[in-house]
Amino acid sequence: MESWSSKIKSNWDKIAKPLDSLGKLESLVAKLGAIQKTEHPSCEKSCLVVLCADNGIVEEGISQSDQSITRICAQNISAGKTTVGIMASQVNCHIMTYDVGINTQDELKNVINRKIRSGTRNFLKEEAMTQEEVDQALDLGKEIVLDCKNKGYDLICVGEMGIGNTTTSAAIAASILKTGGEITAGRGAGLSDEGLKRKVFVINEAIKKYDLYSKDSLSVLKAVGGYDLAVMTGIYLAAKEYSMAVVLDGAISITAALVAEKHSKGTVDFLLPSHISREPIGELLCRELNLSPVIDAGMALGEGTGAVLFLGILKTAIAVYEKSVPFADSNVEQYKRFK
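As the structure is a prediction and not an experimental result, all values here were calculated from the model.

**Student:** Before we go on, may I ask you to explain the overall build of the chain in this structure?
**Tutor:** A count of helical and extended segments in the chain gives 13 helices and six strands. The principal-axis extent of the C-alpha atoms belonging to the chain is close to 70 × 45 × 35 Å. A buried classification covers 56% of the 339 residues belonging to the chain. Within the chain, contacts between residues separated by at least 24 positions form 75% of all contacts whose residues are at least 6 apart in sequence. Counting only carbon and sulfur atoms, one obtains 49% of the accessible surface of the chain, whose full area is about 14200 Å². The average position of the 38 basic charges and that of the 42 acidic charges among the side chains of the chain differ by 2 Å.

Written out as structure tokens, the structure is:
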């Protein structure tokens, strides 16, 4: 991968502009080319995979909304009616909405039914998932990557929808980073002070209950995670295996990246960061994974909105890389690098 990245960085230096003047964009185009094994990276054919699932921990009053909202939002996402649908239409990104654990028995129109279970268990009382369910989720993630690769997609953007998943993410992050819920938990979709205290409490209680500081990342995922996070983890591991670029979204998707990277070092090399979520774990996990997102807009919507917004920026950066006048044709002397 490094050789492809070096070639693209060398090509950037030949463009008639100050060296490194597009900053992170130059590095991310190079990273995409390295993943795709080409000097001419592309994101013209892209898809957004939105993973929808409910979380049993909602029973504990850690969310302003109940689980019925997950089903409603999944239907609206699949119909292109939500924020991410509007954004995706602007950059010609195809949306695939998956039910991987919504707490409903209804068949949802235009939602791909790959339900593992109708929501995870309440992790304050018992582990969120069984090992069989974790394995099923990881396998589904691999299946999604292979399907997208076979359909000729250049990259996959990821998103999610699931009431309570900022709690599952904060619990995973606290466990793996060996810190407390007071560091990783945020207000999610709008918790009161009392709700935030409850959220911190259930995270810290679960860490003690399952001795999570001593557990590997997949065991942490099993104990306090969600089906959306588990399938995302499978997507990232498969991205590494099959050289597929994946664009991360916000806090939930970066938490899954933490799980995948701790399980299989080097997975992060196939993941492109988009934005820094305003959830506390956003910046914390980007530092831990050495990811440097382009967008810092205080967003915390989920659904893949940050990933799709970044996709437009990435397309523009690739166009500049491919079409800009080189120094050789510009009547401007080539800039030199000095060590």
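**Student:** Help me out: how do you make sense of the packing of aromatic side chains in this one?
**Tutor:** Each aromatic ring pair is described using two quantities: the centre-to-centre distance and the angle formed by the ring planes. Per the stated rule, a full pass over the model turns up two aromatic pairs. Taken together, a centroid distance of 5.2 Å and an interplanar angle of 55 degrees make the contact between Trp12 and Tyr321 tilted. With Trp12 in helix 1 (residues 2–13) and Tyr321 in helix 13 (residues 305–323), this pair connects stretches of sequence that are 309 residues apart. We classify Trp12 as buried; its relative accessible area is 1%. The exposure class of Tyr321 is buried, given its relative accessible area of 7%.

**Student:** Sorry, what's going on with helix 9 (residues 217–224) here?
**Tutor:** Given 3.6 residues to a turn, an α-helix orients residues that are three or four positions apart in the same direction. Taken across its eight residues, helix 9 has seven buried, putting it largely inside the fold. When we look at burial in helix 9, the residues that qualify are Ser217, Leu218, Val220, Leu221, Lys222, Ala223 and Val224. On its buried side, helix 9 packs onto helix 5 (131–150), helix 6 (165–177), helix 8 (193–210), helix 10 (227–242) and helix 11 (251–263). Where helix 9 begins, one side-chain oxygen reaches toward the backbone nitrogen of Leu218, 3.1 Å away; that side chain belongs to Asp216.

**Student:** Before we go on, may I ask you to explain the pairing of strand 4 (residues 155–161) in this structure?
**Tutor:** Regular strands show a simple pattern: their side chains alternate between the two faces of the sheet. Taken across its seven residues, strand 4 has seven buried, putting it largely inside the fold. Along strand 4, one buried face is formed by Leu155, Cys157, Gly159 and Met161 and the opposite face, lined by Ile156, Val158 and Glu160, is buried too. As paired strands, strand 1 (residues 46–53) and strand 4 are joined by seven bridges and run parallel to one another. Looking at strand 4, one finds that Leu51 is bridged to Glu160.

**Student:** I keep staring at the pairing of strand 1 and nothing clicks. Help me out?
**Tutor:** Along strand 1, eight of the eight residues are buried, which leaves the element largely enclosed by surrounding structure. Burial along strand 1 is two-sided: Ser46, Leu48, Val50 and Cys52 and Cys47, Val49, Leu51 and Ala53, pointing in opposite directions, are all buried. By the bridge criterion, eight bridges tie strand 1 to strand 2 (residues 93–101) in an arrangement that is parallel. By the bridge assignment for strand 2, Cys52 is matched with Asp99.

**Student:** Whenever I open this one, the sheet that holds strand 4 confuses me. Can you help?
**Tutor:** To summarise the sheet geometry, strands pair through backbone hydrogen bonds and adopt either a parallel or an antiparallel arrangement. Strand order in the open sheet formed by six strands is 3-2-1-4-5-6, and the pairing between neighbours is parallel. Each edge of the open sheet is held by one strand with a lone partner, namely strand 3 (111–113) and strand 6 (271–272). Direction of pairing for strand 2 relative to strand 3: parallel, over a ladder of three bridges. Following the sheet pairing, Tyr98 is matched in strand 3 by Ile112. Contacts from helix 10 reach strand 1, strand 2, strand 4, strand 5 (245–247) and strand 6, with the element oriented near 145 degrees to strand 1.

**Student:** What should I look at first to understand the pattern of salt bridges in this one?
**Tutor:** Once the charged atoms of two side chains with opposite charge are near each other, the side chains can pair. Taken as a whole, this structure holds 16 salt bridges when the rule is applied. Between Glu60 and Arg198 there is a salt bridge, with the nearest N and O atoms lying 2.4 Å from each other. Taken together, the positions of Glu60 in the loop between strand 1 and helix 3 (68–78) and Arg198 in helix 8 put the pair 138 residues apart, joining distant regions of the chain. For Arg198, a relative accessible area of 29% translates into the label partly exposed. Arg114 is the salt-bridge partner of Glu143, the closest N and O atoms lying 2.6 Å from each other. Residue Glu143 is found in helix 5, and its partner Arg114 is found in the loop between strand 3 and helix 5; the two are separated by 29 residues along the sequence. By relative accessible area, which is 40% here, Glu143 ends up partly exposed. Through salt bridges with shared partners, a single network forms among Asp13, Asp20 and Arg337.

**Student:** What is the right way to read the environment of Gly33 from this model?
**Tutor:** By secondary structure assignment, the location of Gly33 is in helix 2 (residues 24–36). C-alpha separation for the pair Gly33 and Arg121, spaced 88 residues apart in sequence, amounts to 41 Å. Sequence-distant contacts of Gly33, that is, excluding residues within four places in its chain, are made with Trp4, Ile8, Thr38 and Pro41.

So, how was this worked out
Residues numbered from 1 in each chain as written. Predicted model: local features only at pLDDT ≥ 70, side-chain atom pairs only at ≥ 80, totals over all residues. Heavy atoms only, no water. Helix = DSSP H or I, 4+ residues; strand = E, 2+ residues; numbered from the N terminus. Buried < 20%, exposed > 50% of the residue type's maximum accessible area, 1.4 Å probe, protein only. Contact = heavy atoms within 4.5 Å. Areas by Shrake-Rupley, 256 points an atom, 1.4 Å probe, with all protein chains shown as cover. Lys, Arg positive; Asp, Glu negative; His and termini not counted. Charge placed at Lys NZ, Arg CZ, Asp CG, Glu CD. Phe/Tyr/Trp six-rings, centres within 6.5 Å; stacked < 30°, edge-to-face > 60°. Polar contact = N/O pair within 3.5 Å; in protein donor to acceptor, adjacent residues only side chain to side chain. Pairing = 2+ DSSP bridges. Axes fitted to C-alpha atoms, helices over the stretch in contact; angles between N-to-C directions. Salt bridge = Lys/Arg side-chain N within 4 Å of Asp/Glu carboxyl O.

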